[in-house]
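# Breakdown of the fold
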Amino acid sequence: MISLLRSIGLIFLHMFRKRETIQYPEEKVVLHPRWRGRIVLTRDPDGGERCVGCYLCAAACPVDCISLQATEDEQGRRYPAFFRINFSRCIFCGYCEEACPTYAIQLTPDFEMGEYNRQNLVYEKEDLLIDSQGKYPGYNYYKVAGLAAGVKGKGEGANEEPPVDIRSLIP
Amino acid sequence: MNEILKYTLMIVIILFTLTTIAAWLIWLERRMLALWQDRYGPNRAGPFGLFIVVADTIKLFFKEDWIPPFAEKAVFVFAPAIVAAAVLLSFVVVPFAPDILVADLDIGLLFFLAMSSLGVYSIVLGGWASNNKYSLLGALRGASQMISYEVFMGLSLMGVVMLSGSFRLTDIVMAQKDFWFVVTQPVAFVLFLTAGIAETHRLPFDIPEAESELVAGFHSEYSGMKFGMFFIGEYLGIILISAMVVTIFFGGWLGPVLPPVVWFTLKTFVFIIFFILLRASLPRPRYDQLMEYGWKIILPIALLNLLITGGITLLKN
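Residues numbered from 1 in each chain as written. Chains lettered and ligands numbered in written order. Predicted model: local features only at pLDDT ≥ 70, side-chain atom pairs only at ≥ 80, totals over all residues.

### Examining the UniProt feature "binding site: [4Fe-4S] cluster 2" (unreviewed entry) in chain A
Residue and element names in this part refer to chain A. Taking the numbering used here, the UniProt-annotated feature "binding site: [4Fe-4S] cluster 2" (unreviewed entry) corresponds to Cys61, Cys90, Cys93 and Cys96. The annotated residues occupy 36 residues of the chain but converge on a single region, no pair of C-alpha atoms lying more than 10.7 Å apart. Every residue in contact with cysteine 90, bar those within four places of it in the chain, is listed here: Ile39, Val63, Cys65 and Ile85. With respect to the helices and strands, the residue cysteine 93 is situated in the loop between β3 (78–86) and α3 (95–99). According to the C-beta neighbour criterion, cysteine 93 is partly exposed, with 14 such atoms within 10 Å. (UniProt positions renumbered as here; feature names shortened; annotations may be inferred. Contact = placed C-beta atoms within 7 Å. Helix = DSSP H or I, 4+ residues; strand = E, 2+ residues; numbered from the N terminus. Buried ≥ 20, exposed ≤ 12 C-beta atoms within 10 Å, placed from the backbone.)

Structure representation (structure tokens):
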């Protein structure tokens, strides 16, 4: 009986506590930098697309919401001809980001993607590409890759020596 | 002729006010529950979220009025009406103020007890007509709870009747001119409040409904406005029990300065909010525990209270 009265009194005192509710449209939730939300495609420091169309994100995706087609420009640089994410299937697991070898695909702290039409949730490459380097500023895949694709000449990349002149005897 | 017009008008006004308040209790309950659970509750539609009730009502009206093919059709449709009708009938004797009451019966208290216990028919019939085992279990529980708690609900009030010497509710209120009966009959007050909560099937005594065990108990199969009737009946029941507690133990309309109706309303709302507080804080007892409390503890206390009150009354004379 006393415990009943005590719990009634304690519950009554809750009236004067701080509210737990976040009044959403007016008050925003704190989203941390690693929050997995809307997927974007980032660019390298020179403004080129980072994506090389390796299909690893599409392979890693557990719900198969990513589809793309790789192609090549005349200098041998690979890029996706189209890149499509169906956000009505996406579960925001972040596996695509983990799989990506060039840091191109990244998840951002944004979840406000509501649409009235389901078809509008299919994002094309234009919708996904952003003018930013995302979480890895300064990284350019073609600067560290061995392949010359119009970004750097032979031996000009990071951690690369200029080519040796094999006909010279000078060390 | 003039008399008839006056009473008709009074009945219409009381009916309208009661149903309106009962509807807005949905809002009050949700807001108060939220308050005690560190939330805000409905606060979007209209000022303070008051229009949530309008939205709720429109929703209820537009829902499919489904009657299950296996149900006993006539009884199924009829059952929800009983609870609202029975509770509204009890309001006939409630004295809101010296001049605002429909009928000042000299058996007012007995009439209230009789009418409020009729409400159980709606639960039993509704549960039985649904032809669903959970509904039937709920109905069964409702019936047994009603029988056991009805007994000492009446017994606890007899002490008050002894002191005031009348079953007429206005006499009972007038007998509290000097001090309220809650002072002289505190045990009876606690017992009556307990029985009243059981009577309205509110938490913690909502075992006929018991949504964590029986889906929704006796109204599992109900939808649309038929479900709404059960709901309105429940809220009307809260108002009725609060009003009766105020009338019998807290001096009804008596109070200084403010007009009698305002005093009555204020006191009643304190108890309505107490009902909601109980819902927010207490867990539901097991079915057999509820029966045990009723028969083994509360009934003897009620009888003892009656005996002592009678003895003291005798001694005084």
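More follows now that the structure is in view.
### Focus: the confidence of the model for chain B
For chain B, the average pLDDT comes to 84, and 100% of its residues sit at 70 or higher. The ipTM value of the predicted complex is 0.71, and its pTM value is 0.77. (pLDDT = per-residue confidence, 0-100.)

### Some details on the nonpolar core
Burial of nonpolar side chains together is a common tendency in soluble globular proteins. All names here are of chain B. With 83 residues, the main nonpolar core has Phe192, Leu236, Ile239 and Val245 as its most contacted residues. The element contributing the most residues to this core is helix α9 (residues 224–249), with 16 residues. Excluding anything up to four places from it in sequence, phenylalanine 192 contacts Met153, Ser156, Leu157 and Val245. (Core = buried A, V, L, I, M, F, W, Y, C linked by C-beta atoms within 7 Å.)

### Here's the deal with the pairing of β3 of chain A
All names here are of chain A. In the sheet, strand β2 (residues 66–72) pairs with β3 via seven bridges, with the strands oriented antiparallel. Note on β3: the bridge partner recorded for leucine 68 is phenylalanine 83. In terms of strand pairing, β3 meets strand β5 (residues 122–123) through two bridges, oriented antiparallel. The residue bridging isoleucine 85 from the neighbouring strand is tyrosine 123, located in β5. (Pairing = 2+ DSSP bridges.)

### Considerations on α9 of chain B
Spacing of three or four residues puts side chains on the same side of an α-helix, whose turn is 3.6 residues. Residues and elements named next belong to chain B. The terminal C-alpha atoms of α9 lie 38 Å apart, and with 26 residues this matches the ideal 38 Å at 1.5 Å per residue to within 8%. For α9, a buried count of 23 out of 26 residues is recorded, marking the element as mostly surrounded by other parts of the structure. Immediately beyond the C-terminal end of α9, within one or two residues, lies glycine 251, with a positive phi of roughly 75°. (Expected span 1.5 Å × (residues − 1).)

### What to know about the UniProt feature "binding site: [4Fe-4S] cluster 1" (unreviewed entry) in chain A
Residue and element names in this part refer to chain A. UniProt annotation of "binding site: [4Fe-4S] cluster 1" (unreviewed entry) refers to Cys51, Cys54, Cys57 and Cys100 when read in the numbering used here. For the annotated residues, spread through 50 residues, the largest C-alpha to C-alpha distance comes to 10.4 Å, consistent with a single compact locus. Within the element layout of this structure, cysteine 54 appears in the loop between β1 (39–41) and α2 (56–60). Note on cysteine 54: 17 C-beta atoms within 10 Å, which makes it partly exposed. Checked against the element boundaries, cysteine 57 lands in helix α2. Judged by local crowding, cysteine 57 falls into the buried class, with 25 C-beta atoms found within 10 Å. In this structure, cysteine 57 is in contact with Ile66, Cys96, Ala99, Cys100 and Ile105, ignoring residues within four places of it in sequence.

### Overview of the environment of glutamine 185 of chain B
Residues and elements named next belong to chain B. Position of glutamine 185 among the secondary structure elements: in the loop between α7 (181–184) and α8 (186–200). Separated by 26 residues in sequence, glutamine 185 and glycine 159 place their C-alpha atoms 7.3 Å apart. Glutamine 185 has contacts with Gly159, Val160 and Phe249, leaving out every residue within four places of it along the chain.

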